[in-house]
Amino acid sequence: MSLDTSKKIGLIACTGVVAGNMMGSGIALLPSALATIGSISVFSWAICLVGAMGLAFVFARLATKNPQEGGPIAYAGEISPVFGFQTGVLYYHANWIGNLAIAITGVSYLSVFFPILNDPIPASVATIAAVWIFTLVNLLGGSWVSRLCTLGLVLILLPVVGTALIGWGHFDPQLYRQNWNTTSGSDLHAVISAVLICLWSFVGVESAAVSSGMVKDPKRTVPLATMLGTGIAGVIYILSTQVIGGMFPAGEVAASGAPFAMASSAIFGDWSAPFVSAFTALACFTSLGSWMMLVGEAGKRAANDGNFPKIYGEVDKNGVAKKGLILGSLKMTALMVVLTAFTSHSAHAADLFNVLTTDAVLLTMLPYFYSSINLIRFEGMTSRSMGTMIFSGVACVFCLVALMGAQGSNLTATFVVSLIILMFYAKKQGLRQHDALLKEQASH
């Protein structure tokens, strides 16, 4: 089904989707998470920015030379059908699990205004309500999502950029040095550990490539939006988190559920904290709307490849995978209910956020790695550009470094899940070969 051009999004909106997907989901709790490691994370940021720009180049190059709807799912499938199947499952589930973390963050910031949301059950209800509200927004079409995402980017930029620029007047170099390494391990271990935390901020680098079917002139728009969005997000991340590292003791930042509200109070006064909390919550929710679009597009691509049930690939007149979106939201609802029922009542939103985002990042690493080696394959077949090979290699190494930063149990679980997916693929292939054999026998 062809999509009405008027419903597609342009360069500015597409750049907003890329940067908004990253920043809306990644910036809110970053200073608190990084404070448990220390300001030495500036080196982790450097690694992540180089790696993220490498990944951005990979998706930009592939979108220009080999455009495919579905992004990582399509590119992994070009290497091997088994990788396409595995990536479809991993990437799809990483997206909707990460979406739930974004919704939890938004609700957590709203608790400033509605203290009842500090209780697990009301917070769970509000999180589920947010998921379904932005599912309905997605059913209206990509243009509505891009407008909201651009609005969310503006809202999150106000307090974050304000902190990144004006906060240096409150920066204490001595305090920054005291906060250098707050772990009990070596500097190298601290840097590698922080890479995984920083990496969550750049998940979304492939947003434009995944949604290329909803973009005007994708061969031009997607590469530009990918590189611009990644660069904008990266610079703002580094400036804002590092200035906070020199404004407060690390323990104080680590204990804060709203680090940017705390920073704005120190810079502008206590009157600003509620506004920052409101802006951050709204930015999280608008980012949720954008990520919901990616869930629908990822499911649609996997269904079109024959790896998901056909219902995920059915689209309406606006090109929206309506039924797939609804199914994804049902999964998020079910997981939220399970988390509420089985986690401790003393568990904080930040704890759930860290668990969900870590799982989502690790599940995303294989899809990113496959996309990077697919570009190596494609360039080796066509232009054989040395520069492109270098960028692809940087992206591959970045994915490996991110996996090195994971805890053993999380990495083991990701590896086991990836192998289990191959078992399902083997069963599927066996059924296909059986059907083909029956047809061959019937023809004789």
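Here, every reference points to the structure presented above.
As the structure is a prediction and not an experimental result, all values here were calculated from the model. (Residues numbered from 1 in each chain as written. Predicted model: local features only at pLDDT ≥ 70, side-chain atom pairs only at ≥ 80, totals over all residues. Heavy atoms only, no water.)

Attention shifts here to the overall build of the protein. When helices and strands are counted, the protein shows 18 helices and 0 strands. For the protein, the C-alpha atoms occupy an extent of roughly 80 × 50 × 45 Å along the three principal directions. Expressed as a percentage of its 444 residues, the buried residues of the protein come to 55%. Residue pairs at least 24 apart in sequence account for 82% of intrachain contacts in the protein once pairs closer than 6 positions are excluded. Counting only carbon and sulfur atoms, one obtains 69% of the accessible surface of the protein, whose full area is about 18,000 Å². Computed over 22 positive and 19 negative side-chain charges, the separation of the two mean positions in the protein equals 12 Å. (Helix = DSSP H or I, 4+ residues; strand = E, 2+ residues; numbered from the N terminus. Buried < 20%, exposed > 50% of the residue type's maximum accessible area, 1.4 Å probe, protein only. Contact = heavy atoms within 4.5 Å. Areas by Shrake-Rupley, 256 points an atom, 1.4 Å probe, with all protein chains shown as cover. Lys, Arg positive; Asp, Glu negative; His and termini not counted. Charge placed at Lys NZ, Arg CZ, Asp CG, Glu CD.)

The subject of this paragraph is the nonpolar core. Core analysis: the biggest nonpolar cluster contains 111 residues, and Y237 and Y368 have the highest contact counts within it. Counting residues per element, this core draws most heavily on helix α5 (residues 81-110), which supplies 16 residues. Those residues within four positions of Y368 in sequence are excluded, and the remaining contacts are L55, F59, F202, V203, G204, V205, E206 and C399. Counting 11 residues, the second-largest nonpolar core is a separate cluster that includes I9, C14, V145 and V215. (Core = buried A, V, L, I, M, F, W, Y, C linked by side-chain atoms within 4.5 Å.)

Time to look at unusual backbone geometry. Despite not being glycine, D217 has its phi angle at roughly 45 degrees, a positive value. With respect to the element layout, D217 can be found in the loop between α10 (207-210) and α11 (218-245). Exposure remark for D217: the relative accessible area of 47% places this residue in the partly exposed category.

This next bit is on the packing of aromatic side chains. Following the criterion strictly, the structure yields 16 aromatic pairs and no others. Taken together, a centroid distance of 4.3 Å and an interplanar angle of 20 degrees make the contact between F57 and F391 stacked. Residue F57 is found in helix α3 (residues 41-65), and its partner F391 is found in helix α17 (residues 386-404); the two are separated by 334 residues along the sequence. The buried category is assigned to F57, whose relative accessible area is 19%. Look at F134 and F285: their rings are 6.3 Å apart centre to centre, the planes differ by 15 degrees, and that puts the pair in the stacked class. Of the two residues, F134 sits in helix α6 (residues 120-139) while F285 sits in helix α14 (residues 273-304), which places them 151 residues apart along the sequence. Of the residues examined, F134 reaches a relative accessible area of 12% and is grouped as buried. Put simply, the rings of F43, W168, F171, Y176 and W180 touch in pairs and so form one group of aromatic residues. (Phe/Tyr/Trp six-rings, centres within 6.5 Å; stacked < 30°, edge-to-face > 60°.)

Within the structure shown, the criterion is met by 5 salt bridges. The partner of E379 in a salt bridge is R61, and the shortest N-O contact between them spans 2.7 Å. Of this pair, E379 sits in helix α16 (residues 349-381) while R61 sits in helix α3; the two residues are 318 residues apart in sequence, bridging distant segments of the chain. For R61, a relative accessible area of 21% puts it in the partly exposed group. With a shortest N-O distance of 3.1 Å, D305 and R301 are connected by a salt bridge. Classification of R301 by relative accessible area gives buried; the value is 18%. (Salt bridge = Lys/Arg side-chain N within 4 Å of Asp/Glu carboxyl O.)

What follows deals with the state of the cysteines. In total, this model carries 0 disulfides according to the counting rule given. C396 carries a free sulfur, and the closest cysteine sulfur to it, the one in C399, is 6.5 Å from it. (Disulfide = S-S within 2.5 Å.)

Counting through the fold element by element, I238 comes out in helix α11. Overall, I238 belongs to the partly exposed group, its relative accessible area being 21%. Spatially, the C-alpha atoms of I238 and G393 are 24 Å apart, while their sequence positions differ by 155 residues. Non-local contacts of I238, meaning those with residues more than four positions away in its chain, are made with W45 and L49.

Relative to the helices and strands, S418 resides in helix α18 (residues 408-443). The exposure class assigned to S418 is buried, which follows from its relative accessible area of 4%.

Another aspect to go through is the packing of α3 against α11. For any two helices packed against each other, the geometry is given by the interaxial angle and the distance between the axes. Look at α3 against α11: their axes get within 8 Å of each other, and the N-to-C directions meet at 175 degrees. By the angle class used here, α3 and α11 are roughly antiparallel. On the side of α3, the interface is formed by S41, V42, W45, L49, A52, M53, A56, F57, A60, A63 and T64, while α11 contributes K219, V222, P223, T226, M227, T230, G231, G234, Y237, I238, T241 and Q242. Partitioning the contact of α3 with α11 into residue classes produces 14 nonpolar, 8 polar and 1 charged. (Axes fitted to C-alpha atoms, helices over the stretch in contact; angles between N-to-C directions. Parallel < 35°, antiparallel > 145°, perpendicular 65-115°, else oblique. Nonpolar A, V, L, I, M, F, W, Y, C, P; charged D, E, K, R; others polar.)

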